[in-house]
Each structure stands twice: as structure tokens, then as C-alpha cells.
Amino acid sequence: MEILEACGFFPVYGIRTLLDKSLLTISNNKFEMHDLIQEMGMEVVRQKYPGEPGKWSRLCSPTDAFGVLKKETGTEEVEG
């Protein structure tokens, strides 16, 4: 939670909302979400710039991340 707060997010409100909507669970002190919800989020990121992973805000695939690093196509959009 402290990391999220340090990044300017409001985790208490956001996490509570996701828990209330059953989009997130907490098990053994870890956040978990259904694979389909994760895939949907990744697809939203991909659709912003189809075929241009260097412009995506998240690189979830090791293949995409390696390609961006190898070709040096990363932009300010990529976080983390």
C-alpha cells in the first residue's frame, strides 16, 4: 500500500472498490485477480498502440519486453 501511495495512487479507496465488486481478492496477504480480468487490462493497453509495444504503458510479456529493449523502442509511456 505504501508503494502505491508513494506513486500518487489512493489504494485504500481503489482496493476497497475492487474488493466490493469482486474484481480483486486478498489471500495469504497477497492481492489476486481472475486471469480474465488481467488479460482484459493487458488488452486495453495493447489496443492503444497496436503492434508498438514500446509505446505501451505496461510490458507484461517477456517477449515484448525483450523486443523493446533489443530494438531500443521504449518511450516515456513505459512504466516500471
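First things first, this report covers the structure right here in the doc.

### A look at the overall build of the chain
The number of helices and strands found in the chain is 4 helices and 2 strands. The linear arrangement of helices and strands in the chain, starting from the amino end, is α-α-β-β-α-α. With respect to the principal axes defined by its C-alpha atoms, the chain has extents near 40 × 30 × 25 Å. Here the contacts in the chain between residues at least 6 apart in sequence split such that 6% fall between residues at least 24 apart.

### Digging into a nonpolar patch on the surface
Taken together, the side chains of M1, V12, I26 and F31 make up a nonpolar region of the molecular surface, amounting to roughly 410 Å² of accessible area. Among the secondary structure elements, M1 is positioned in the segment before α1 (2-6).

### Looking at empty space enclosed by the protein
Tallying each qualifying case throughout the model produces 1 cavity of 30 Å³ or more. By volume, the largest cavity amounts to about 50 Å³. Around the largest cavity, the lining residues are M42, V45, R46, W56, R58, L59, C60, S61 and D64. It is helix α3 (residues 35-48) that provides the largest number of residues to the lining of the largest cavity, a total of 3 residues.

### Considering unusual backbone geometry
Backbone geometry at N28 places phi at a positive 55°, although glycine is not the residue there. As for its placement among the helices and strands, N28 is situated in the loop between β1 (25-27) and β2 (30-32). For N29, which is not glycine, the phi torsion reads 60° and is therefore positive. Tracing the sequence through the fold places N29 in the loop between β1 and β2.

Criteria and thresholds
Residues numbered from 1 in each chain as written. Predicted model: local features only at pLDDT ≥ 70, side-chain atom pairs only at ≥ 80, totals over all residues. Heavy atoms only, no water. Helix = DSSP H or I, 4+ residues; strand = E, 2+ residues; numbered from the N terminus. Contact = heavy atoms within 4.5 Å. Patch = residues over 30% accessible without salt bridge, like charges linked within 9 Å, V, L, I, M, F, W, Y side chains within 5 Å. Areas by Shrake-Rupley, 256 points an atom, 1.4 Å probe, with all protein chains shown as cover. Salt bridge = Lys/Arg side-chain N within 4 Å of Asp/Glu carboxyl O. 1 Å grid on protein atoms, 1.4 Å probe; cavity = no way out; pocket = protein on both sides within 12 Å on 5 of 7 lines; lining within 4 Å. Points joined across faces, edges and corners; volume = space filled by probe spheres on them.

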